[in-house]
Number of protein chains: 2
Amino acid sequence: MLDKSLVNKFKEIIKENGTIFTEEDQLACYSYDAYAEIPVLPDIVVKPSNYEQIEKIIKLCNDANIPLITRGAGTNLSGGTVPKTGGCVLLTTGFNKILEINENDLYAVVQSGVITANLAKAVESKGLFYPPDPGSMNISTIGGNVAENAGGLRGLKYGVTKDYVMGINFFCPEGNYVKSGGKTVKLVTGFNLHGLMISSEGMLGVMTDITLKLIPKPKASKSMLVLFKDMITACEMVSAIIAAKIVPATLEFLDNFTINTVEEASKIGLPTDAGALLLIEVDGYEGQVEEEFSKILEISKKMGGDLKVANSLEERNKIWEARRKALSSLARLKPTLILEDATVPRSKIPEMMRRIQAITKKYNLTIGTFGHAGDGNLHPTILTDRRNKEEMERVEKAIDEIFEAALDLEGTLSGEHGVGTAKAKYLEREVGKGTIIYMKKLKNGTDPKNILNPHKMGL
Amino acid sequence: MLDKSLVNKFKEIIKENGTIFTEEDQLACYSYDAYAEIPVLPDIVVKPSNYEQIEKIIKLCNDANIPLITRGAGTNLSGGTVPKTGGCVLLTTGFNKILEINENDLYAVVQSGVITANLAKAVESKGLFYPPDPGSMNISTIGGNVAENAGGLRGLKYGVTKDYVMGINFFCPEGNYVKSGGKTVKLVTGFNLHGLMISSEGMLGVMTDITLKLIPKPKASKSMLVLFKDMITACEMVSAIIAAKIVPATLEFLDNFTINTVEEASKIGLPTDAGALLLIEVDGYEGQVEEEFSKILEISKKMGGDLKVANSLEERNKIWEARRKALSSLARLKPTLILEDATVPRSKIPEMMRRIQAITKKYNLTIGTFGHAGDGNLHPTILTDRRNKEEMERVEKAIDEIFEAALDLEGTLSGEHGVGTAKAKYLEREVGKGTIIYMKKLKNGTDPKNILNPHKMGL
């Protein structure tokens, strides 16, 4: 609880068009995010209406030693926006303006609270393309996407959020305004601070404006679904496609368990005896799309896949429905869903899937696996019940072994969900002690009082 | 001068296969780089042969307060590797191994001293593509490319060095080993420290291994040269091409002065009455290349350009000869050449060229302008003589106004050459005071004794 004089200072700062919450039932809405964790109430929630208010809030928090947690839509999957030790939650959702879409110079400038899908739509209406498409894009904000380096289905060909960040303006933890990057493709003036904001999880600055690269919209695309009897063969087809020098826009994977779960929930006609399926979309120039499709068809035949191509928008939507419904269908089965995102170089996916199967069996758990096979970013999804202590112990051990397998196969603990509180204790295992020390020094140098989102990533 | 006991400590560290220079004539070779500046002798130059030696050198420098300047090929254009206050120059040229080229997972792992062109060739032999192509790529190192975020001719379509960095291992200024990023397209474990290394100019760590993204080699390409009577129309064609949703691989510009200089030096048959010329290469899928070429031809006709297309490799090489010879031809004219790289959003190029012309006239200087028009990165090249004090004063003023113009047009002081010592005094004008403070705090946090490349970027 903040004392009344402090609350009044916050009120004074945001009195013009800002919003403030101090009641417990209001605070409760900002005590958790999309990661299944024990909620923690913030002391106060503020929604500033202009940048001067942000500056003053940061300075007040810094002066009074109040933790400051920046929050967009709260869709992150690693506990990054849970106020671990209370403090002030700063909502960026009021900053939702697309400031500029420049068709000649192929960039957009947006405020940090702009919703990802809104930007994507606005850009598309001008024949341009903003590729990053995290699963939560209909509610997630661009600021949150940057802070978590959000990925999505198009990572393989088009990269992730970081590949589109050209510049960021942000307030430092002491309230100074920092401008990094800009509107030109080439720019090397000073440290790459806009790069540093990427995957910084709200710990190094409070972003206001973000300049993003845009590209021309691909002229054509083609979606297909490939069914395999054998799960490992499906995984091997991923590498076969890349080895043929084809880089699809999306290359998604669903295992047999997920296929069955989706079919049970939605009756869309998936064959429940398939070992796995791949969803593939190629895009680009028209002739290229046709050529790549033919090659994929050939590979599929050779490997014993059963390929169905979408010949209309309706058929395309039907194909993608299976993928869209994967997570929600799995979520119906048990009270607690733990969505992992250990990631490996894509050629290691067959081995990774073998290991996930073995771990599932060893700990007698329910795990459905789907995800972005093209970029090695699978989502083994553990279905369990937090109240079942004995099973949760097995779940913990399984997660541990999944991480161990990913690192052993030269992968990473997290492809796109971030560290936050969820993976803090595992981080050193991947990056080593020297990296943790460097991160601490960097954090301590730029935020000596550890005001911004403290205790995340173990810092 | 370092005292003898310190020199002996360096000798002890690198005794196995390392090299050490302490004589003045040897040190002189490392007292300057490709930026025209007054040379400063280092106290000692060491070329370690393994990573343990790097670690020990850093720790020794840190303990004994000796500035440590990491140096690849020394091709940087902003004085970034000049040892401003002496100290130890650490050569990375011994670390020249390509450790892995992975065709399935589309990445390469290289040591920091690998020469850019060697990597490009090795990758190409496997049907893959590493696009960044800085002008110095035949001698520059990948480590240097990362430290300066080197650009090149392909920035427009393929981006710059930063767009290919997936992971970096480096020693921190206190000798700890830091690992950031890795071999997967998606990876969000911890701060984006490999991103932070980009354009850090040797001030935040000493890089050892770098993991780089590769892409499939484009199947086809087509080069063309477009001559214009009027310089501004040539600049306007750049925007017209982008507006037609065509993103060429390269889109270069030479002004009349540069055309004449090249022709005088090389007699390659360029029309000396042309106001400007554009060199364009489109690449990609075969049909796409033809379609884009037709569209460019149409735009050129509409705008009064005279387009010549290369129908053979020989013709292609001839077209590109004009561009390759621009800098060396200009360099013949006067004793001192100052190569600027102020950069603007590409749609602002016509206005930027108008301003450069006005500045040239105002200060009665010889300035040839060529460069990467497609990404707004022009190189106004001032030809002068450092010994002519009066002219140098006018040069200084002209540079000042060129920077002012670039910032006024929402551009940057430097597109691809970096800050180093050359642009340190101008930096705050672009990024503002808050950014300088943040950079200082970051540098101070990670390098409290300011050992790594001190006094660069004004820090």
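Residues numbered from 1 in each chain as written. Chains lettered and ligands numbered in written order. Predicted model: local features only at pLDDT ≥ 70, side-chain atom pairs only at ≥ 80, totals over all residues. Heavy atoms only, no water.

Observations regarding the packing of helix H8 (residues 231-243) of chain A against helix H13 (residues 349-362) of chain A
Residues and elements named next belong to chain A. To be explicit about the condition: Interaxial angles span 0 to 180 degrees and are taken between N-to-C directions of axes, which are lines fitted to C-alpha atoms, for helices over the stretch in contact. By the criteria applied, helices consist of DSSP H or I runs no shorter than four residues and strands consist of E runs no shorter than two, each listed in order from the N terminus. The labels follow the angle: roughly parallel below 35 degrees, roughly antiparallel above 145, roughly perpendicular from 65 to 115, and oblique for the rest. Here a crossing is called left-handed whenever its near helix is offset anticlockwise from the far helix by less than a right angle, and right-handed whenever the offset is clockwise. Whether two residues are in contact is decided by their heavy atoms, any of which lying within 4.5 Å being enough. Nonpolar residues are Ala, Val, Leu, Ile, Met, Phe, Trp, Tyr, Cys and Pro. Charged residues are Asp, Glu, Lys and Arg, and all others, Gly as well, are polar.
Running from N to C, H8 and H13 cross one another at 150°; their axes reach a closest spacing of 8 Å. The angle between H8 and H13 places the two elements in the roughly antiparallel class. Helix-helix and strand crossings are classified by hand; for H8 and H13 the assignment is right-handed. Contacts between H8 and H13 involve Met231, Ile232, Cys235 and Glu236 from the former and Ile349, Pro350, Met353, Arg354 and Gln357 from the latter. Classifying every residue of the contact of H8 with H13 gives six nonpolar, one polar and two charged.

Let's talk about the pattern of salt bridges
Filter applied, for reference: One speaks of a salt bridge when a side-chain nitrogen belonging to Lys or Arg is within 4 Å of a carboxyl oxygen belonging to Asp or Glu. When accessible area is computed with a 1.4 Å probe and restricted to protein chains, residues below 20% of their type maximum are described as buried, those above 50% as exposed, and intermediate ones as partly exposed.
With the rule as written, the count across this model stands at 68 salt bridges over all chains. Notably, a salt bridge pairs Lys59 of chain A with Glu55 of chain A, separated by 2.9 Å at the nearest N-O pair. Here Glu55 of chain A and Lys59 of chain A lie together in helix H3 (residues 51-64), a separation of four residues that amounts to about one turn. The salt bridge partner of Asp408 of chain A is Arg355 of chain A, with a shortest N-O separation of 2.7 Å. Taken together, the residues span a long stretch of sequence, with Asp408 of chain A in helix H14 (residues 389-408) and Arg355 of chain A in helix H13 at a distance of 53 residues. A relative accessible area of 52% places Asp408 of chain A in the exposed class. Look at the salt bridges and you will find they share partners, linking Glu100 and Lys183 of chain A together with Lys348 and Glu410 of chain B into a network.

Section: helix H1 (residues 4-13) of chain A
Note that an α-helix has 3.6 residues per turn; residues three or four places apart therefore point the same way. The line we're drawing: Of all possible arcs, the one meant is that of the directions from the helix axis to the C-beta atoms.
Every buried residue of H1 of chain A is listed here: Leu6, Val7, Phe10 and Ile13 of chain A. Down the axis of H1 of chain A, the buried side of the element spans an arc of 120°, and every buried residue falls inside it.

Examining the side chain of His417 of chain B
Within the element layout of this structure, His417 of chain B appears in the loop between helix H14 (389-408) and helix H15 (424-431). What makes His417 of chain B buried here is its relative accessible area of 7%. Excluding its chain neighbours within four sequence positions, the residues that come into contact with His417 of chain B are Val188 of chain A together with Leu77, Ser78, Glu148, Leu339, Glu340, Asp341 and His379 of chain B.

Topic: empty space enclosed by the protein
The test is simple: Throughout, the protein atoms alone are placed on a 1 Å grid, and a set of points is a cavity if a 1.4 Å probe fits but cannot get out or a pocket if it is open with protein on both sides within 12 Å along at least five of seven lines; lining residues have an atom within 4 Å of a point. Grid points are joined across faces, edges and corners, and a volume is the space filled by probe spheres set on the points.
If you walk through the whole model with that rule in mind, you get six cavities of 30 Å³ or more. Reported here for the largest cavity is a volume of approximately 220 Å³. For the lining of the largest cavity, the secondary structure elements donating two or more residues are strand E8 (165-171) and strand E9 (177-181) of chain A. Looking at side-chain class alone, the lining of the largest cavity contains eight nonpolar, 11 polar and six charged residues. Taken as a whole, the second largest cavity spans an internal volume of roughly 150 Å³. Lining the second largest cavity are 14 residues; nearest its centre among them are Lys162 and Asn192 of chain A together with Lys162, Asn192 and Ile198 of chain B.

Concerning the relation of the copies chain B and chain A
To keep it simple, the criterion reads: To line up the copies, we fit them by least squares on C-alpha atoms, keeping just the residues with pLDDT of at least 70 in both.
In screw terms, the move from chain B to chain A is a rotation of 180° and a rise of 0.0 Å along the axis, fitting with an RMSD of 0.0 Å. Each copy turns onto its partner about a two-fold axis. Rotation axis and chain B: the residue whose C-alpha lies nearest the axis is Gly445 of chain B, separated from it by 1.9 Å. A share of 100% of the interface residues of chain B reappears at the interface of chain A, consistent with the copies meeting face to face through the same patch.

Some details on the nonpolar core
In plain terms, the rule: Nonpolar core, defined: a set of buried Ala, Val, Leu, Ile, Met, Phe, Trp, Tyr and Cys residues in which side-chain atoms within 4.5 Å join the residues together.
Phe253, Leu278 and Tyr438 of chain A together with Phe253, Leu278 and Tyr438 of chain B are the most contacted members of the largest nonpolar core, which has 188 residues in total. The contacts of Tyr438 of chain A, once residues within four sequence positions are left out, are Phe170, Cys172, Pro173, Val178, Leu193, Leu196, Met197, Leu204 and Thr446 of chain B.

A word on the sheet that holds strand E1 (residues 19-21) of chain A
All names here are of chain A. Put simply, the rule reads: The pairing criterion is simple: DSSP has to find at least two bridges between the two strands.
The mixed open sheet is built from four strands, whose spatial order is E1-E2-E4-E3. Two strands lie at the open edges of the sheet, namely E1 and strand E3 (68-71), each paired on one side alone. Neighbour-to-neighbour, the strand axes of this sheet turn through a mean angle of 20°, independent of strand direction. Summarising the sheet, E1 and strand E2 (residues 44-47) pair through three bridges and their orientation is antiparallel. The partner of Phe21 across the bridge, within E2, is Val45. Here H3 sits on the sheet and contacts E2, E3 and strand E4 (88-91); the angle it forms with E4, its principal contact strand, is near 165°.

Points about the packing of aromatic side chains
What counts is decided by this rule: Whether two aromatic rings pair depends on their centres lying within 6.5 Å, for rings of Phe, Tyr and Trp, where Trp uses its six-membered ring; planes under 30 degrees apart make the pair stacked, over 60 edge-to-face, and the rest tilted. Either the NZ atom of lysine or the CZ atom of arginine qualifies as a charge over a ring when it sits within 6 Å of the ring centre and within 35 degrees of the ring normal.
For the structure on display, the rule yields 15 aromatic pairs over all chains. Geometrically, the ring pair formed by Phe21 of chain A and Tyr30 of chain A is stacked, given 5.9 Å between the ring centres and 15° between the ring planes. For Tyr30 of chain A, a relative accessible area of 17% gives the class buried. Considering the side-chain rings of Tyr130 of chain B and Tyr164 of chain B, the 5.8 Å spacing of their centres and the 75° angle between planes classify their relative orientation as edge-to-face. Taken together, the residues span a long stretch of sequence, with Tyr130 of chain B in the loop between strand E7 (128-129) and helix H5 (142-148) and Tyr164 of chain B in the loop between helix H6 (155-158) and strand E8 (165-171) at a distance of 34 residues. Here the guanidinium or amino end of Lys222 of chain A rests over the ring plane of Phe293 of chain A, the centre of that ring lying 5.0 Å away. In this structure, Lys213 of chain B packs its charged tip against the face of Tyr164 of chain B, placed 5.5 Å from the ring centre.

Quick look at the domain arrangement of chain A
Residues and elements named next belong to chain A. The cut-off we apply is this: An automatic or database domain assignment provides the domain bounds reported here. Throughout, buried area stands for the accessible area (probe radius 1.4 Å) lost by two parts on being put together, summed over both.
Considered domain by domain, chain A is made up of domain 1 (4-91), domain 2 (98-216), domain 3 (218-322) and domain 4 (334-452). The gap between the C-alpha centroids of domain 2 and domain 4 is 26 Å. Contacts between domain 2 and domain 4 engage 15 residues on the former and 15 residues on the latter. Summed over both partners, the interface of domain 2 with domain 4 buries about 1200 Å², with 59% contributed by carbon and sulfur atoms. At the junction of domain 2 and domain 4, the tally comes to zero salt bridges. When its residues are assigned to classes, the side of domain 2 that touches domain 4 shows seven nonpolar, five polar and three charged.

Remarks on the interface of chain B and chain A
Definition in use: Two N or O atoms form a polar contact when they lie within 3.5 Å of each other; inside protein one atom must be a possible hydrogen donor and the other a possible acceptor, and for residues adjacent in sequence the pair counts only when both atoms belong to side chains.
Of the residues lining the interface, 88 residues belong to chain B; the matching set on chain A comes to 89 residues. When the area that chain B buries against chain A is broken down by residue, the three leading residues are Lys186, Phe191 and Tyr438 of chain B, summing to 14%. Linking chain B with chain A are 10 salt bridges. As a salt-bridge pair, Lys219 of chain A and Glu291 of chain B come within 3.9 Å of each other at their nearest N and O atoms. Along the contact surface separating chain B from chain A lie 38 residue pairs in polar contact (both at pLDDT 80 or more). Looking at the side of chain B that touches chain A, the elements with two or more residues in it are E8, strand E9 (177-181), helix H7 (193-197), helix H8 (231-243), helix H10 (286-302), H15 and helix H16 (433-446) of chain B. Here the side of chain B that touches chain A gets 10 residues from one element, more than from any other, and that element is H16 of chain B.

Some points on the sheet that holds E9 of chain A
Residue and element names in this part refer to chain A. With respect to topology, five strands assemble into an open sheet ordered E5-E6-E10-E8-E9, the strand pairing being antiparallel. Across the chains shown, the open sheet's two edge strands, defined by having one partner strand only, are strand E5 (98-102) and E9. Averaged over all pairs of adjacent strands, the angle between strand axes in this sheet comes to 10°, irrespective of strand direction. Strand direction decides the pairing type here: E8 and E9, joined by five bridges, are antiparallel. Looking at the pairing, Asn169 lines up with Lys179 of E9. In the packing of H3 onto the sheet, contacts are made with strand E6 (107-111), E8, E9 and strand E10 (206-213), and the angle to E10 comes to roughly 130°.

With respect to helix H11 (residues 313-324) of chain A
Residues and elements named next belong to chain A. Using the following cut-off: Here, expected helix span is obtained from the residue count minus one, scaled by 1.5 Å.
Taking 1.5 Å of rise per residue, 12 residues should cover 16 Å, and H11 covers 16 Å from first to last C-alpha, within 8% of that figure. The complete set of buried residues in H11 reads Ile319, Trp320, Ala322 and Arg323. One side of H11 carries all its buried residues, which in axial view fall inside an arc of 135°. Opposite the packed face of H11, turned more than 90 degrees from it, sit the exposed residues Leu313, Glu314, Lys318 and Arg324.

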